[in-house]
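Below, each chain spelled out in residue letters.
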Amino acid sequence: MSDADSPPTDAPSDDSFEPVEPNTGEEFEPVDVFPDSEDFDLRPGADSCYKCSTCDTNCPVAEVDDEFPGPKFQGPEQWRLKQTDDDHTVDDSIMDCSNCMRCDNACPSGVPLSQMHNTARGEYVSQEMSKTSVEYWRNRILSNYRTSAWLASKLPRVANFAMNFGPARWLMEKTMGVTKEREFPEFARQTFREWWASEGGAAGSRERARERRERRGDPVDADKKIAYFHGCYSNYNTPEVAKALVRVYEHFGYEIVVPDQKCSGTPMFANGMLADARRHAEVNISSMADLIEEGYDAIASCTSCSMALRQEYPELFDIEGVDDVAAHTFESVEYLRIHEDLKGAVQAAEIDDDLAEEFAYHAPCHARNQGLDRQAVELFGDLDGVGIEDVGDSCSGISGTYGWKAEKYEKSMQIGEEMFEHMEAADGEVGMTECPTCAMQMEHGTGYEIRHPMELLEAALVD
Amino acid sequence: MAIESDVLVIGGGLAGLTSALAAARAGADTRLVSYKQSTLRNASGLIDVLGYTSDGEGPLADPYAAIPDLPEEHPYRTVGVDTVRTAMSAFDDAVPSYRGGHTDRNALVPTHGGTVKPTARYPDSAADGLASDDRDVALVGLESMTDFDARRAAAHLEAAGVPFDVRGITVRFPGDLRPDAKVTRYAKLLDADEEVSVRGRRRPARAALAERVNPELRGEPRVGFPAILGDDEATAVREELSERLGAAVFEVPMGPPSLPGLRLEDRLFAALSEAGASIETGNPVTEFDGEDRIEQVYIEKNGAKIPNSAEQYVLATGGLVGKGVESDREGVYEPIFDCHVAHPEDRYDWFDTDVFGDHEFAGFGVRTDEQLRPLDAGGTVEFENLRAAGSVLGGYDFAAEKSGSGVSIATGYDAGTNAASES
């Protein structure tokens, strides 16, 4: 018998409840238990959690921190508490989540854990955290790295000296809680955008791409164009990564534009600064959405930037064009794997210059949810003249701004310990990763020089 | 263009991993794609082949002897008992830390509930815990770990008539761990042998744990712990505890999330990587192109559809729990290729009113030809280059039979081998 054939005649009272034939007939009126929410409604996600705790096994913080209750608590459980108890405020342990987002990839039930964490953290910071506290301002300054970097790029030499000047760093730790254990990244004398302008910008790129297509035997007016989201780091600190991307893409006949852009928002999400993140996202989405309409795809060389555009933006912000941008954003190696015979090109190439090295590769946590954690190892495994070894699936521990906080530094190094050990055990003394802050941590823990896959591709493919 | 391979395996559980490993070892350019991380970390880590017949008889002493009498639609009957044996040998080869391959007979492994599970293979960490061994046992529970009540498990084992004395004791894990500390926290502490604080003194975790347990022992030659004894360094942790306790130390397999499952997952992924396969996890396969033959499938990432193409495909997406078979009020279906899943029209016929009764849904899944290619409602092959393996297959009840791992390994191996030979 099906309930559709014979709907229940009387609504059963509580004590006559018969689980085999529940009251699910046509007369059933669902009751709104929770009021309609104006902002994030994560209830469907929370309801999907069947508490298997698999997310907890993926959490690098819970593995070393005896205070941290883990992602299952931070997400679904905290959400339920908030729904049933008006007085429940977000627990301050949310600030110990490093936003590595590994829990997303673990959940067999599709619970949007990192979205819940981001939302809870945003609420905690806006409602619980004192806006006059040192922690708030320290976090705000750290997460607005772009502003500091922009300032430093004006006088890079002075900045490089001042930011690593011992007494200044001591003071920063004492007054701001920024660890003095780490070296500040060096600022480039010429930013990527300055270099890009000197190379003729978009017009120069179109010319070079056309020339290249001709040599490759592609149609000269082939529809191959990308909008590069370089992010802050490869603009201000490692322009060699951004330049390598430009050369590699032009090598394959792509014309490149470098639109106006701000920070992807990654450090802001991790610090619960959602209003700041939204302001930056609006600029990024607006400039990318227009280009996507014209047939461009958005390419990022930093896996946290691509993660933000692809996943965090549509999860957190209802901005016009956000879904189009998400659907048209790709990581730099991934895009070439899809659209070009990258494997064949790499197999035919050889490295005999100073990049002929054994690389110890670390996959950034944010590469994992995008399915990119194996691509560098699989691609460069076929490249003559180099070796590459995956140093395992542990988290590097720095998680952007997390490892820069004085009170988190030790924890960050404890999480990174496994990666350091595996790097030391691997052949060779050069590291590789896509994420600039993972690179910072890899260098900090081992002293190795760290490269980006785009740099190796440039060395392999571009004359 | 698309990301290309000879064989594309969809699913990262035991069936998918076995299938991809078989295809890669047979020389095919193999790619495995999985929506999420492997569900092996939810599994006990035990590898059963067949514990009970489809009629509930058992525990079976010899699973292979019972296979020819299984119902005709059972996946073991499809691949045949010889393939089951070959596939299990391939597993032994890939996972040398597992035991049980020396015999056809089932081993009896105590579980965290105090039941005894008939299983064909078990991790070496469980080897000293076998219920067929007559040495006395002390089971050690941890105060905060409510999943394992050592005294209750011991009482259960005694009631089951095990041929030894078993006693449950409970200790506090040394150090100030939070009451709901994760299994990975215990494992990490023991792996690194980090110092923990015991009555104001710092002691290495392994020694401190042994000191907590030692006064409670009464000379039992074997001591069982919940499966938290290390991850990467599990063997060293067990050996050191064994030395400090003067007894053989073993792990009792636990419910999810499970370290033995995690270790097995790591080992199988490493084997697959060593075999040269390409692996991608994180996003689902949602669509495909093709009529009688699958041309390519699409991995969906936040709206972007990434084409992946291959000569041969293996569907190893799991069953009702793993979401390889889905159901709603209208029916039961296979979500990617919409392969036919036979089921009664009235959904009140899908289950039995008795909780432990004969549930129809337990056998839901795709039916195949002798090559494991899914069949449509009329019995015709759905796609000439698609095979299915593991719990997406119908015709058996793995929970009742204790056959989940064995079916995944046998059908995975068969599908992977045949896919490679046709690619």
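Residues numbered from 1 in each chain as written. Chains lettered and ligands numbered in written order. Predicted model: local features only at pLDDT ≥ 70, side-chain atom pairs only at ≥ 80, totals over all residues. Heavy atoms only, no water.

With an unreviewed UniProt entry as reference, chain B is termed Glycerol-3-phosphate dehydrogenase subunit GlpB, source organism Halovenus carboxidivorans.

The name given to chain A in an unreviewed UniProt entry is Anaerobic glycerol-3-phosphate dehydrogenase subunit C, with the source organism recorded as Halovenus carboxidivorans.

A. Here's a closer look at the overall build of chain B. Secondary structure assignment for chain B yields 11 helices and 19 strands. For 423 residues, the compact-globule formula gives about 22 Å, and the C-alpha radius of gyration of chain B, at 23 Å, lands near that figure. With respect to the principal axes defined by its C-alpha atoms, chain B has extents near 70 × 45 × 40 Å. Expressed as a percentage of its 423 residues, the buried residues of chain B come to 57%. Considering only residue pairs separated by 6 or more positions, chain B has 64% of its internal contacts joining residues 24 or more positions apart. Across chain B, the 41 positively charged side chains and the 72 negatively charged ones have centroids separated by 11 Å. (Helix = DSSP H or I, 4+ residues; strand = E, 2+ residues; numbered from the N terminus. Rg over C-alpha atoms; globule rule 2.2 N^0.38 Å. Buried < 20%, exposed > 50% of the residue type's maximum accessible area, 1.4 Å probe, protein only. Contact = heavy atoms within 4.5 Å. Lys, Arg positive; Asp, Glu negative; His and termini not counted. Charge placed at Lys NZ, Arg CZ, Asp CG, Glu CD.)

B. Summary view of the environment of Gly-110 of chain A. Residue and element names in this part refer to chain A. Tracing the sequence through the fold places Gly-110 in the loop between helix 4 (102-106) and helix 5 (113-127). The class for Gly-110 is partly exposed, based on a relative accessible area of 43%. Sequence separation of Gly-110 and Gly-45 is 65 residues, and the distance between their C-alpha atoms is 7.4 Å.

C. Structural detail: the UniProt feature "domain: FAD-dependent oxidoreductase 2 FAD-binding" (unreviewed entry) in chain B. As recorded in UniProt, the sites labelled "domain: FAD-dependent oxidoreductase 2 FAD-binding" (unreviewed entry) are residues 6-407 of chain B. In this annotation, residues 6-407 of chain B is assigned 25% helix and 22% strand; the end-to-end C-alpha distance for the span is 24 Å. (UniProt positions renumbered as here; feature names shortened; annotations may be inferred.)

D. Main features of the packing of aromatic side chains. Taken as a whole and assessed by the stated rule, the structure comprises 22 aromatic pairs over all chains. Taken together, a centroid distance of 5.2 Å and an interplanar angle of 55° make the contact between Phe-330 of chain A and Tyr-335 of chain A tilted. Accessibility classification places Phe-330 of chain A together with Tyr-335 of chain A in one group, the buried group. Over the face of the ring belonging to Tyr-136 of chain A we find Lys-131 of chain A, whose NZ or CZ atom lies 5.5 Å from the ring centre. A cation sits over an aromatic face here: Arg-85 of chain B above Tyr-64 of chain B, 4.5 Å from the ring centre. (Phe/Tyr/Trp six-rings, centres within 6.5 Å; stacked < 30°, edge-to-face > 60°. Lys NZ or Arg CZ within 6 Å of the ring centre and 35° of its normal.)

E. Summary view of the domain arrangement of chain B. Residue and element names in this part refer to chain B. Looking at chain B, the domain boundaries give domain 1 (3-101 + 262-422) and domain 2 (112-252). Relative to domain 2, the C-alpha centre of domain 1 lies at a distance of 34 Å. Counting residues at the interface gives 20 residues for domain 1, matched by 15 residues for domain 2. For Lys-117, the salt bridge identified is with Asp-48, shortest N-O distance 3.0 Å. (Domains from an automatic or database assignment. Salt bridge = Lys/Arg side-chain N within 4 Å of Asp/Glu carboxyl O.)

F. How the structure looks around the domain arrangement of chain A. All names here are of chain A. Under the domain assignment used here, chain A contains domain 1 (46-127), domain 2 (134-176), domain 3 (192-339) and domain 4 (350-461). On a C-alpha basis, the centres of domain 3 and domain 4 stand 22 Å from each other. Facing 27 residues of domain 3, the contacting portion of domain 4 comprises 22 residues. Interface of domain 3 and domain 4: buried area, both sides summed, is about 2200 Å²; carbon and sulfur atoms make up 64% of it. (Buried area = accessible area lost by both parts, 1.4 Å probe.)

G. Spotlight on a negative patch on the surface. Side chains of Asp-393, Glu-417, Glu-421, Glu-424 and Glu-429 of chain A together with Asp-232, Glu-233 and Asp-266 of chain B sit close together on the surface and give a patch of like negative charge. Ranked by residues supplied to the negative patch, first place goes to helix 22 (residues 409-425) of chain A with 3 residues. Examined against the element boundaries, Glu-421 of chain A turns out to sit in helix 22. (Patch = residues over 30% accessible without salt bridge, like charges linked within 9 Å, V, L, I, M, F, W, Y side chains within 5 Å. Areas by Shrake-Rupley, 256 points an atom, 1.4 Å probe, with all protein chains shown as cover.)

H. A nonpolar patch on the surface, seen in detail. Among the surface-exposed residues, Leu-320, Phe-351 and Phe-361 of chain B lie close enough to one another that they form a single nonpolar patch of about 230 Å² accessible area. Within the secondary structure, Phe-351 of chain B sits in the loop between strand 18 (332-333) and strand 19 (386-388).

I. How the structure looks around the sheet that holds strand 12 (residues 248-252) of chain B. Residue and element names in this part refer to chain B. Within the open sheet, the 4 strands sit side by side as 8-7-11-12. Their pairing is parallel. Here the strands that pair on one side only, and so sit at the sheet edges, are strand 8 (166-171) and strand 12. Recorded for the sheet is a direction-independent mean angle of 30° between the axes of neighbouring strands. In this sheet, strand 8 lies alongside strand 7 (residues 137-142) in parallel orientation, the contact comprising 6 bridges. Following the sheet pairing, Ala-138 is matched in strand 8 by Arg-167. (Pairing = 2+ DSSP bridges. Axes fitted to C-alpha atoms, helices over the stretch in contact; angles between N-to-C directions.)

J. Region of the structure containing helix 8 (residues 234-245) of chain B. Residue and element names in this part refer to chain B. Helix length check: helix 8 (12 residues) gives 16 Å between terminal C-alpha atoms against 16 Å at 1.5 Å per residue, within 8%. Along helix 8, the residues classified as buried are Ala-234, Val-237, Arg-238, Glu-240, Leu-241 and Leu-245. Along the axis of helix 8, the buried positions cluster into a sector of 165°, meaning they face one direction only. In helix 8, the exposed residues that point more than 90 degrees away from the buried face are Glu-239 and Glu-243. In this structure, the buried residues of helix 8 make contact with helix 6 (183-192), helix 7 (205-213), strand 11 (222-226), strand 12 and helix 9 (259-274). In the stretch just after helix 8, Gly-246 is the one whose phi turns positive, near 65°. (Expected span 1.5 Å × (residues − 1). Arc of directions from axis to C-beta.)

K. Highlighting the interface of chain A and chain B. Contacts between the two partners involve 49 residues from chain A, matched on the other side by 47 residues from chain B. Taking both partners together, chain A and chain B bury about 3900 Å²; carbon and sulfur atoms supply 43% of that area. The interface formed by chain A and chain B includes 6 salt bridges. A salt bridge links Asp-56 of chain A to Lys-182 of chain B, with the shortest nitrogen-to-oxygen separation between them at 3.4 Å. Applying the counting criterion to the chain A and chain B interface returns 22 residue pairs in polar contact (both at pLDDT 80 or more). At the level of secondary structure, the elements contributing two or more residues to the side of chain A that touches chain B comprise helix 2 (54-57), helix 4, helix 16 (303-316), helix 17 (322-327), helix 18 (332-339) and helix 22 of chain A. By residue class, the composition of the side of chain A that touches chain B is 16 nonpolar, 15 polar and 18 charged. (Polar contact = N/O pair within 3.5 Å; in protein donor to acceptor, adjacent residues only side chain to side chain. Nonpolar A, V, L, I, M, F, W, Y, C, P; charged D, E, K, R; others polar.)

L. Broad picture of the environment of Trp-170 of chain A. Along the chain, Trp-170 of chain A turns up in helix 9 (residues 166-176). Spatially, the C-alpha atom of Trp-170 of chain A lies 40 Å from that of Pro-76 of chain A, the residues being 94 residues apart in sequence.

M. Inspection of the state of the cysteines at higher detail. The final tally for this structure, using the stated rule, is 0 disulfides over all chains. Of all cysteine sulfurs in the structure, the one in Cys-232 of chain A sits closest to Cys-263 of chain A, which takes part in no disulfide; the separation is 4.5 Å. (Disulfide = S-S within 2.5 Å.)

N. Structural context of the side chain of Glu-251 of chain B. Residue and element names in this part refer to chain B. Mapped onto the fold, Glu-251 is located in strand 12. On the accessibility criterion, Glu-251 (3% relative accessible area) is buried. A distance of 2.8 Å separates the side chain of Glu-251 from the side chain of Arg-263, its partner in a polar contact. Beyond its immediate chain neighbours, meaning those up to four positions away, Glu-251 contacts Ser-125, Ala-126, Phe-225, Pro-226, Ala-227, Ile-228, Leu-229, Pro-260 and Arg-263.

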